[in-house]
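Secondary and tertiary structure notes
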Amino acid sequence: MNVGIVGGGQLARMLALAGYPLGVHFQILDPAADACAGQVAPLMQSDYHDEACLESLAAWADVVTFDFENVPAEAARALEGRITVYPPAEALALAQDRLSEKTLFWEMGIPTPTFATVDSLEELQSAALRVELPAVLKTRRLGYDGKGQRVLRTAEDIEPAWRALGSAPLILESFIPFEREVSIVAVRGHDGATALYPLVENHHRDGILRLSRAPCGMPELEREGWDYARRLLDRLNYVGVLAIEFFVKDGRLIANEMAPRVHNSGHWTIEGAETSQFENHLRAILGLPLGSTTAIGCSAMVNGIGDLPGRAAVLAIPGAHYHAYGKTPRPGRKVGHITLRANDADAVQAGLERLLPMVGFSPDEFS
Ligand code: AMP
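In what follows, the accompanying structure is described. (Residues numbered from 1 in each chain as written. Predicted model: local features only at pLDDT ≥ 70, side-chain atom pairs only at ≥ 80, totals over all residues. Heavy atoms only, no water.)

Describing the sheet that holds strand β5 (residues 115–118)
Read from one edge of the open sheet, four strands run β5-β8-β6-β7, paired in antiparallel fashion. In this open sheet, the two edge strands, each paired with only one partner strand, are β5 and β7 (149–152). Neighbour to neighbour, the strand axes of the sheet diverge by 20° on average, direction disregarded. The sheet contact formed by β5 and strand β8 (residues 170–174) spans four bridges and is antiparallel. By the bridge assignment, valine 118 is partnered in β8 with leucine 170. (Pairing = 2+ DSSP bridges. Helix = DSSP H or I, 4+ residues; strand = E, 2+ residues; numbered from the N terminus. Axes fitted to C-alpha atoms, helices over the stretch in contact; angles between N-to-C directions.)

A short note on the site of the ligand
Around the ligand sit 15 residues, and of these Lys138, Gln149, Ile176, Glu181 and Glu257 come closest. Take isoleucine 176: an N or O atom from its main chain is 2.8 Å from a nitrogen atom of the ligand. When isolated, the ligand has an accessible area of 470 Å², and the protein chains bury 91% of it. Class assignment for the residues of the shell around the ligand results in five nonpolar, five polar and five charged. (Near = heavy atom within 4 Å. Polar contact = N/O pair within 3.5 Å; in protein donor to acceptor, adjacent residues only side chain to side chain. Areas by Shrake-Rupley, 256 points an atom, 1.4 Å probe, with all protein chains shown as cover. Nonpolar A, V, L, I, M, F, W, Y, C, P; charged D, E, K, R; others polar.)

Re the pattern of salt bridges
With the rule as written, the count across this model stands at 16 salt bridges. One salt bridge in this structure joins arginine 163 and glutamate 159, with 3.9 Å as the shortest N-O distance. Taken as a pair, arginine 163 and glutamate 159 lie in helix α7 (residues 158–165) at a separation of four residues, close to a single helical turn. Of the charged contacts in the structure, one is a salt bridge between arginine 231 and aspartate 227, with a shortest N-O distance of 3.6 Å. Of this pair, arginine 231 and aspartate 227 are both found in helix α8 (residues 219–235), four residues apart, which corresponds to roughly one turn of the helix. (Salt bridge = Lys/Arg side-chain N within 4 Å of Asp/Glu carboxyl O.)

Quick look at the nonpolar core
Ranked by size, the top nonpolar core spans 37 residues in total, and within it Val3, Phe26, Leu282 and Ile285 carry the most contacts. Only β1 (2–6), α1 (10–19), β2 (25–30), β9 (180–188), β12 (208–214), β13 (240–249) and α10 (277–285) provide two or more residues apiece to this core. The leading source of residues in this core is α1, at six residues. Shared between two domains, this core holds at least three residues of each, these being domain 1 (2–85) and domain 3 (180–366). Ignoring anything within four residues of it in the chain, the contact list for leucine 282 reads Val3, Leu15, Ala18, Gly19 and Phe26. Counting residues in each nonpolar core, the second largest holds 28 residues, with Ala91, Met108, Tyr238 and Val248 among its members. (Core = buried A, V, L, I, M, F, W, Y, C linked by side-chain atoms within 4.5 Å. Buried < 20%, exposed > 50% of the residue type's maximum accessible area, 1.4 Å probe, protein only. Domains from an automatic or database assignment. Contact = heavy atoms within 4.5 Å.)

Concerning the packing of aromatic side chains
Evaluated as defined, the whole model comprises six aromatic pairs. Their ring planes at 40° and their centres at 6.1 Å tell us that tyrosine 228 and phenylalanine 246 sit as a pair that is tilted. Placement of tyrosine 228 in helix α8 and of phenylalanine 246 in strand β13 is noted, with a sequence separation of 18 residues between them. Look at tyrosine 228 and you get buried, because its relative accessible area is 5%. Over the aromatic face of phenylalanine 175 sits the side chain of arginine 153, whose NZ or CZ is 5.4 Å from the ring centroid. (Phe/Tyr/Trp six-rings, centres within 6.5 Å; stacked < 30°, edge-to-face > 60°. Lys NZ or Arg CZ within 6 Å of the ring centre and 35° of its normal.)

Here we look at the side chain of histidine 337
Topologically, histidine 337 is positioned in strand β17 (residues 334–342). Residue histidine 337 is classed as buried on the basis of its relative accessible area, which comes to 0%. Side-chain polar atoms of histidine 337 contact the side chain of tyrosine 325, separated by 2.6 Å. Apart from the residues within four sequence positions on either side, histidine 337 is in contact with Met14, His267, Ile270, Met301, Val302, Asn303, Gly304, Leu308, His321, Tyr322, His323 and Tyr325.

Side note on the packing of α1 against α10
Remark: α1 packs on α10, axes separated minimally by 8 Å, with the N-to-C direction vectors making an angle of 75°. Between α1 and α10, the angle falls in the class roughly perpendicular. Contact residues: α1 offers Leu11, Met14, Leu15, Ala18 and Gly19, while α10 offers Phe278, Glu279, His281 and Leu282. Tallied by class, residues from the contact of α1 with α10 come to six nonpolar, two polar and one charged. (Parallel < 35°, antiparallel > 145°, perpendicular 65-115°, else oblique.)

Here we look at the packing of helix α3 (residues 73–80) against helix α4 (residues 89–96)
For the pair α3 and α4, the least separation of the axes is 9 Å and the interaxial angle reads 175°. Judged on the interaxial angle alone, α4 and α3 are roughly antiparallel. When α3 is examined against α4, the residues Ala73, Ala76, Arg77 and Glu80 are found in contact with a partner set consisting of Ala89, Leu92, Ala93 and Gln96. Classifying every residue of the contact of α3 with α4 by side-chain character gives five nonpolar, one polar and two charged.

Points about the sheet that holds strand β4 (residues 63–66)
What the four strands build is an open sheet, ordered β3-β2-β1-β4; its pairing is parallel. Two strands bound the open sheet, and with one partner strand each, they are β3 (43–45) and β4. Neighbouring strand axes in the sheet, compared pairwise and without regard to direction, differ in orientation by 25° on average. Note that β2 and β3 share three bridges and pair parallel. When the bridges of β3 are listed, isoleucine 28 appears paired with leucine 43. Those strands touched by α10 are β1, β2 and β4, and its axis lies near 145° from that of β4.

Structure, rendered in C-alpha coordinates:
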(Lines give C-alpha, C1' and ligand atoms only; values in the text may rest on other atoms or scores of the structure.)
Protein backbone atom coordinates (compact mmCIF):
# COMPACT_ATOMS: atom_id res chain seq x y z
CA MET A 1 0.00 0.00 0.00
CA ASN A 2 1.46 3.32 -1.10
CA VAL A 3 0.52 6.63 0.51
CA GLY A 4 1.60 9.98 -0.91
CA ILE A 5 1.69 12.86 1.55
CA VAL A 6 1.61 16.46 0.36
CA GLY A 7 3.59 18.47 2.92
CA GLY A 8 6.59 17.09 4.78
CA GLY A 9 6.46 18.48 8.32
CA GLN A 10 6.15 16.65 11.62
CA LEU A 11 2.62 15.46 10.89
CA ALA A 12 3.79 13.65 7.74
CA ARG A 13 6.74 12.29 9.71
CA MET A 14 4.49 10.86 12.45
CA LEU A 15 2.08 9.47 9.84
CA ALA A 16 4.97 7.61 8.21
CA LEU A 17 6.24 6.32 11.56
CA ALA A 18 2.75 5.01 12.35
CA GLY A 19 2.34 3.46 8.91
CA TYR A 20 5.47 1.30 8.65
CA PRO A 21 4.19 -1.38 11.06
CA LEU A 22 1.12 -1.70 8.83
CA GLY A 23 3.38 -2.33 5.84
CA VAL A 24 2.57 1.01 4.22
CA HIS A 25 5.09 2.80 1.98
CA PHE A 26 5.30 6.57 1.74
CA GLN A 27 6.45 9.33 -0.56
CA ILE A 28 6.46 12.88 0.69
CA LEU A 29 6.10 15.97 -1.51
CA ASP A 30 7.50 19.20 -0.07
CA PRO A 31 9.28 22.25 -1.50
CA ALA A 32 11.90 22.23 1.29
CA ALA A 33 14.95 19.98 0.85
CA ASP A 34 15.20 19.65 4.65
CA ALA A 35 11.49 18.87 5.29
CA CYS A 36 11.66 16.77 8.46
CA ALA A 37 9.46 13.94 7.15
CA GLY A 38 12.21 13.41 4.57
CA GLN A 39 14.35 11.89 7.35
CA VAL A 40 11.98 8.93 7.65
CA ALA A 41 10.47 8.56 4.15
CA PRO A 42 11.50 9.30 0.53
CA LEU A 43 11.08 13.02 -0.23
CA MET A 44 10.18 14.48 -3.63
CA GLN A 45 11.41 18.04 -3.37
CA SER A 46 9.07 20.09 -5.50
CA ASP A 47 6.73 23.01 -5.64
CA TYR A 48 3.10 22.07 -4.92
CA HIS A 49 2.11 23.34 -8.38
CA ASP A 50 4.60 21.21 -10.30
CA GLU A 51 2.39 19.18 -12.66
CA ALA A 52 5.04 16.54 -13.38
CA CYS A 53 5.64 15.84 -9.68
CA LEU A 54 1.93 15.70 -8.87
CA GLU A 55 1.56 13.30 -11.82
CA SER A 56 4.35 11.04 -10.63
CA LEU A 57 3.04 11.03 -7.03
CA ALA A 58 -0.42 10.12 -8.33
CA ALA A 59 1.02 7.35 -10.52
CA TRP A 60 2.91 5.81 -7.58
CA ALA A 61 0.41 6.18 -4.74
CA ASP A 62 -2.80 4.29 -3.93
CA VAL A 63 -4.07 7.31 -2.03
CA VAL A 64 -2.81 10.83 -1.38
CA THR A 65 -3.28 12.77 1.85
CA PHE A 66 -2.04 16.05 3.35
CA ASP A 67 0.09 17.12 6.26
CA PHE A 68 -1.30 20.66 6.35
CA GLU A 69 -4.46 22.36 5.21
CA ASN A 70 -2.91 25.16 3.20
CA VAL A 71 -1.99 22.98 0.27
CA PRO A 72 -3.09 25.05 -2.75
CA ALA A 73 -6.68 24.02 -3.53
CA GLU A 74 -5.77 23.72 -7.26
CA ALA A 75 -3.06 21.19 -6.44
CA ALA A 76 -5.55 19.16 -4.36
CA ARG A 77 -8.13 19.27 -7.16
CA ALA A 78 -5.51 18.39 -9.80
CA LEU A 79 -4.63 15.32 -7.72
CA GLU A 80 -8.28 14.46 -7.16
CA GLY A 81 -8.76 14.21 -10.92
CA ARG A 82 -6.08 11.49 -11.08
CA ILE A 83 -6.21 9.55 -7.85
CA THR A 84 -8.08 9.04 -4.58
CA VAL A 85 -7.42 11.99 -2.29
CA TYR A 86 -8.46 11.98 1.38
CA PRO A 87 -9.67 14.08 3.06
CA PRO A 88 -11.74 15.39 0.13
CA ALA A 89 -10.44 18.56 -1.54
CA GLU A 90 -13.77 20.24 -0.71
CA ALA A 91 -13.15 19.83 3.05
CA LEU A 92 -9.65 21.20 2.57
CA ALA A 93 -10.97 24.22 0.65
CA LEU A 94 -13.64 24.91 3.31
CA ALA A 95 -11.13 24.78 6.15
CA GLN A 96 -8.69 27.06 4.31
CA ASP A 97 -11.06 30.01 4.60
CA ARG A 98 -12.25 31.06 8.06
CA LEU A 99 -15.36 32.60 6.49
CA SER A 100 -16.54 29.43 4.71
CA GLU A 101 -15.63 27.36 7.77
CA LYS A 102 -17.64 29.55 10.17
CA THR A 103 -20.52 29.77 7.69
CA LEU A 104 -20.64 25.98 7.57
CA PHE A 105 -20.66 25.76 11.39
CA TRP A 106 -23.45 28.35 11.49
CA GLU A 107 -25.53 26.53 8.85
CA MET A 108 -25.20 23.32 10.86
CA GLY A 109 -26.29 24.94 14.11
CA ILE A 110 -22.80 24.66 15.65
CA PRO A 111 -22.28 27.80 17.77
CA THR A 112 -19.46 30.17 16.68
CA PRO A 113 -18.35 33.64 17.78
CA THR A 114 -20.42 36.33 16.00
CA PHE A 115 -18.53 37.08 12.79
CA ALA A 116 -18.49 39.49 9.85
CA THR A 117 -16.48 39.61 6.64
CA VAL A 118 -14.19 42.64 6.21
CA ASP A 119 -12.70 43.88 2.94
CA SER A 120 -12.25 47.60 3.63
CA LEU A 121 -11.66 49.99 6.52
CA GLU A 122 -15.29 51.14 6.26
CA GLU A 123 -16.47 47.53 6.51
CA LEU A 124 -14.23 47.01 9.52
CA GLN A 125 -15.72 50.07 11.21
CA SER A 126 -19.29 48.93 10.61
CA ALA A 127 -18.42 45.29 11.51
CA ALA A 128 -16.96 46.53 14.82
CA LEU A 129 -20.35 48.08 15.63
CA ARG A 130 -22.25 44.88 14.78
CA VAL A 131 -19.85 42.34 16.31
CA GLU A 132 -19.05 44.72 19.21
CA LEU A 133 -15.61 45.15 20.78
CA PRO A 134 -13.58 43.48 22.06
CA ALA A 135 -13.22 41.48 18.88
CA VAL A 136 -10.52 39.59 16.98
CA LEU A 137 -9.57 40.55 13.44
CA LYS A 138 -8.14 37.59 11.51
CA THR A 139 -6.94 36.96 7.99
CA ARG A 140 -9.42 34.59 6.33
CA ARG A 141 -6.62 32.47 4.90
CA LEU A 142 -3.18 31.19 5.90
CA GLY A 143 -3.50 32.10 9.58
CA TYR A 144 -2.21 29.58 12.09
CA ASP A 145 -0.76 29.56 15.60
CA GLY A 146 -2.23 33.01 16.24
CA LYS A 147 -0.47 34.54 13.19
CA GLY A 148 -2.46 37.06 11.13
CA GLN A 149 -4.59 38.16 14.12
CA ARG A 150 -5.14 41.35 16.10
CA VAL A 151 -7.36 41.83 19.14
CA LEU A 152 -9.39 45.05 18.92
CA ARG A 153 -10.21 46.28 22.41
CA THR A 154 -11.26 49.87 21.67
CA ALA A 155 -12.19 51.89 18.57
CA GLU A 156 -8.59 53.23 18.60
CA ASP A 157 -7.31 49.76 17.69
CA ILE A 158 -9.32 49.63 14.45
CA GLU A 159 -7.07 51.65 12.12
CA PRO A 160 -3.72 50.17 13.23
CA ALA A 161 -5.17 46.66 12.91
CA TRP A 162 -6.44 47.48 9.43
CA ARG A 163 -3.01 48.84 8.45
CA ALA A 164 -1.35 45.65 9.72
CA LEU A 165 -3.70 43.10 8.16
CA GLY A 166 -5.83 44.94 5.58
CA SER A 167 -3.92 43.76 2.51
CA ALA A 168 -5.73 40.37 2.72
CA PRO A 169 -9.43 39.41 3.03
CA LEU A 170 -10.37 39.46 6.72
CA ILE A 171 -12.97 38.27 9.19
CA LEU A 172 -13.91 40.03 12.42
CA GLU A 173 -15.20 37.84 15.21
CA SER A 174 -16.32 38.55 18.74
CA PHE A 175 -13.71 38.01 21.43
CA ILE A 176 -14.80 35.09 23.60
CA PRO A 177 -13.71 35.42 27.25
CA PHE A 178 -13.53 31.64 27.41
CA GLU A 179 -13.21 29.49 30.51
CA ARG A 180 -11.22 26.84 28.67
CA GLU A 181 -10.14 25.70 25.22
CA VAL A 182 -10.86 22.13 24.18
CA SER A 183 -10.74 20.05 21.02
CA ILE A 184 -12.19 16.92 19.52
CA VAL A 185 -10.16 14.66 17.24
CA ALA A 186 -12.42 12.41 15.18
CA VAL A 187 -11.96 9.96 12.32
CA ARG A 188 -14.26 8.62 9.61
CA GLY A 189 -13.62 5.60 7.39
CA HIS A 190 -14.56 4.79 3.77
CA ASP A 191 -17.71 3.05 4.98
CA GLY A 192 -18.89 6.04 7.04
CA ALA A 193 -17.88 4.46 10.37
CA THR A 194 -16.70 7.09 12.84
CA ALA A 195 -14.53 6.96 15.95
CA LEU A 196 -14.06 9.80 18.41
CA TYR A 197 -11.21 10.47 20.81
CA PRO A 198 -11.87 11.80 24.31
CA LEU A 199 -12.26 15.56 24.70
CA VAL A 200 -8.87 17.26 25.09
CA GLU A 201 -8.18 20.42 27.10
CA ASN A 202 -5.68 22.77 25.46
CA HIS A 203 -3.58 25.66 26.78
CA HIS A 204 -2.09 28.22 24.39
CA ARG A 205 0.47 30.97 24.93
CA ASP A 206 1.02 33.61 22.23
CA GLY A 207 -1.43 31.74 20.01
CA ILE A 208 0.66 28.53 20.09
CA LEU A 209 -0.50 25.28 21.71
CA ARG A 210 1.69 24.52 24.73
CA LEU A 211 -0.10 21.79 26.67
CA SER A 212 -2.92 19.30 26.03
CA ARG A 213 -4.48 17.09 28.69
CA ALA A 214 -6.61 14.05 27.87
CA PRO A 215 -9.04 12.73 28.71
CA CYS A 216 -10.13 15.93 30.42
CA GLY A 217 -13.40 14.70 31.96
CA MET A 218 -16.36 17.00 31.27
CA PRO A 219 -18.60 14.24 29.81
CA GLU A 220 -21.42 16.59 28.80
CA LEU A 221 -19.11 18.79 26.76
CA GLU A 222 -17.55 15.67 25.28
CA ARG A 223 -20.97 14.43 24.12
CA GLU A 224 -21.72 17.84 22.61
CA GLY A 225 -18.34 17.89 20.81
CA TRP A 226 -18.80 14.33 19.54
CA ASP A 227 -22.21 15.21 18.16
CA TYR A 228 -20.80 18.22 16.26
CA ALA A 229 -17.85 16.17 15.00
CA ARG A 230 -20.03 13.28 13.78
CA ARG A 231 -22.33 15.66 11.94
CA LEU A 232 -19.43 17.53 10.33
CA LEU A 233 -17.75 14.31 9.22
CA ASP A 234 -20.96 13.09 7.59
CA ARG A 235 -21.81 16.47 6.05
CA LEU A 236 -18.35 16.66 4.41
CA ASN A 237 -18.46 12.98 3.41
CA TYR A 238 -15.11 13.00 5.14
CA VAL A 239 -12.48 10.28 5.19
CA GLY A 240 -9.57 10.57 7.63
CA VAL A 241 -8.92 12.50 10.84
CA LEU A 242 -10.61 15.85 11.46
CA ALA A 243 -9.96 18.07 14.50
CA ILE A 244 -12.26 20.78 15.82
CA GLU A 245 -11.15 23.42 18.31
CA PHE A 246 -13.67 24.97 20.67
CA PHE A 247 -13.89 27.63 23.33
CA VAL A 248 -15.86 26.74 26.45
CA LYS A 249 -18.06 29.59 27.68
CA ASP A 250 -20.82 29.25 30.27
CA GLY A 251 -20.47 25.48 30.07
CA ARG A 252 -21.17 25.32 26.28
CA LEU A 253 -18.95 24.79 23.25
CA ILE A 254 -18.28 27.58 20.74
CA ALA A 255 -16.45 26.38 17.62
CA ASN A 256 -13.27 28.27 16.75
CA GLU A 257 -11.88 26.31 13.83
CA MET A 258 -11.42 22.90 12.28
CA ALA A 259 -8.32 21.24 10.87
CA PRO A 260 -8.81 18.66 8.10
CA ARG A 261 -5.85 16.57 9.24
CA VAL A 262 -4.16 14.97 12.20
CA HIS A 263 -3.77 17.61 14.88
CA ASN A 264 -1.30 18.78 17.52
CA SER A 265 -3.93 18.28 20.23
CA GLY A 266 -4.05 14.59 19.22
CA HIS A 267 -0.32 13.82 19.58
CA TRP A 268 -0.95 12.33 23.05
CA THR A 269 -2.79 9.45 21.32
CA ILE A 270 0.54 7.90 20.23
CA GLU A 271 1.06 6.54 23.74
CA GLY A 272 -2.21 7.56 25.38
CA ALA A 273 -4.85 5.82 23.25
CA GLU A 274 -5.40 2.28 21.97
CA THR A 275 -4.85 3.52 18.41
CA SER A 276 -3.03 6.76 17.61
CA GLN A 277 -4.62 9.48 15.48
CA PHE A 278 -1.86 8.84 12.92
CA GLU A 279 -2.61 5.13 12.59
CA ASN A 280 -6.34 5.81 12.49
CA HIS A 281 -5.91 8.41 9.75
CA LEU A 282 -4.01 5.83 7.68
CA ARG A 283 -6.54 3.10 8.45
CA ALA A 284 -9.34 5.46 7.35
CA ILE A 285 -7.78 6.58 4.06
CA LEU A 286 -6.70 3.02 3.18
CA GLY A 287 -10.18 1.58 3.80
CA LEU A 288 -9.05 -0.48 6.79
CA PRO A 289 -11.17 -0.97 9.95
CA LEU A 290 -10.75 1.91 12.40
CA GLY A 291 -8.99 1.20 15.70
CA SER A 292 -10.25 1.87 19.21
CA THR A 293 -9.94 5.50 20.31
CA THR A 294 -10.14 4.59 24.01
CA ALA A 295 -7.62 6.37 26.25
CA ILE A 296 -5.11 4.29 28.19
CA GLY A 297 -5.05 6.06 31.54
CA CYS A 298 -4.30 9.80 31.48
CA SER A 299 -1.94 11.83 29.30
CA ALA A 300 -0.49 15.28 28.98
CA MET A 301 1.36 16.50 25.90
CA VAL A 302 3.78 19.42 26.08
CA ASN A 303 5.08 21.06 22.91
CA GLY A 304 8.75 21.88 22.45
CA ILE A 305 8.63 25.40 20.99
CA GLY A 306 11.96 26.80 19.78
CA ASP A 307 13.90 23.87 21.18
CA LEU A 308 13.49 20.72 23.26
CA PRO A 309 14.88 19.98 26.72
CA GLY A 310 17.56 17.28 26.91
CA ARG A 311 16.49 13.65 26.47
CA ALA A 312 18.07 12.35 29.66
CA ALA A 313 16.35 14.85 31.96
CA VAL A 314 12.96 14.31 30.30
CA LEU A 315 13.19 10.53 30.23
CA ALA A 316 14.00 10.50 33.96
CA ILE A 317 10.36 11.52 34.53
CA PRO A 318 8.21 8.40 34.91
CA GLY A 319 5.85 7.93 31.96
CA ALA A 320 7.64 10.46 29.73
CA HIS A 321 7.88 9.86 25.96
CA TYR A 322 10.18 12.02 23.86
CA HIS A 323 9.41 13.02 20.27
CA ALA A 324 12.03 15.06 18.43
CA TYR A 325 10.99 16.07 14.91
CA GLY A 326 14.52 16.44 13.51
CA LYS A 327 14.02 20.17 12.89
CA THR A 328 16.61 22.90 13.38
CA PRO A 329 15.78 24.83 16.57
CA ARG A 330 14.39 28.31 15.85
CA PRO A 331 12.32 30.66 18.06
CA GLY A 332 8.60 29.91 17.82
CA ARG A 333 9.12 26.69 15.82
CA LYS A 334 7.51 23.41 16.93
CA VAL A 335 10.54 21.12 17.12
CA GLY A 336 9.11 18.25 19.15
CA HIS A 337 6.73 17.20 21.88
CA ILE A 338 6.78 15.21 25.08
CA THR A 339 3.90 13.06 26.28
CA LEU A 340 3.47 12.03 29.89
CA ARG A 341 1.27 8.97 30.33
CA ALA A 342 0.20 7.49 33.66
CA ASN A 343 -2.63 5.56 35.21
CA ASP A 344 -4.20 8.59 36.85
CA ALA A 345 -4.35 12.39 36.56
CA ASP A 346 -2.38 12.96 39.80
CA ALA A 347 0.62 11.04 38.48
CA VAL A 348 0.48 13.02 35.21
CA GLN A 349 0.35 16.25 37.23
CA ALA A 350 3.39 15.18 39.28
CA GLY A 351 5.28 14.59 36.02
CA LEU A 352 4.17 17.96 34.64
CA GLU A 353 5.53 19.70 37.71
CA ARG A 354 8.97 18.39 36.74
CA LEU A 355 8.57 18.85 33.00
CA LEU A 356 7.07 22.35 32.74
CA PRO A 357 10.12 24.18 34.18
CA MET A 358 12.25 22.44 31.52
CA VAL A 359 10.20 24.18 28.79
CA GLY A 360 10.18 27.57 30.50
CA PHE A 361 6.94 27.46 32.49
CA SER A 362 6.34 27.48 36.20
CA PRO A 363 5.19 24.12 37.61
CA ASP A 364 1.66 25.41 38.28
CA GLU A 365 1.34 27.47 35.07
CA PHE A 366 -1.57 25.53 33.57
CA SER A 367 -3.30 24.17 36.66
P1 AMP B 1 -6.73 30.46 16.00
O2 AMP B 1 -5.56 30.69 15.07
O3 AMP B 1 -8.02 30.97 15.48
O4 AMP B 1 -6.81 29.04 16.48
O5 AMP B 1 -6.40 31.31 17.31
C6 AMP B 1 -5.28 31.04 18.16
C7 AMP B 1 -5.66 31.31 19.61
O8 AMP B 1 -6.04 32.68 19.77
C9 AMP B 1 -6.87 30.51 20.09
O10 AMP B 1 -6.50 29.22 20.49
C11 AMP B 1 -7.33 31.38 21.25
O12 AMP B 1 -6.51 31.18 22.39
C13 AMP B 1 -7.11 32.79 20.71
N14 AMP B 1 -8.36 33.25 20.03
C15 AMP B 1 -8.64 33.11 18.72
N16 AMP B 1 -9.88 33.59 18.41
C17 AMP B 1 -10.39 34.04 19.58
C18 AMP B 1 -11.65 34.63 19.95
N19 AMP B 1 -12.62 34.89 19.04
N20 AMP B 1 -11.85 34.96 21.25
C21 AMP B 1 -10.88 34.72 22.18
N22 AMP B 1 -9.68 34.17 21.90
C23 AMP B 1 -9.42 33.83 20.62
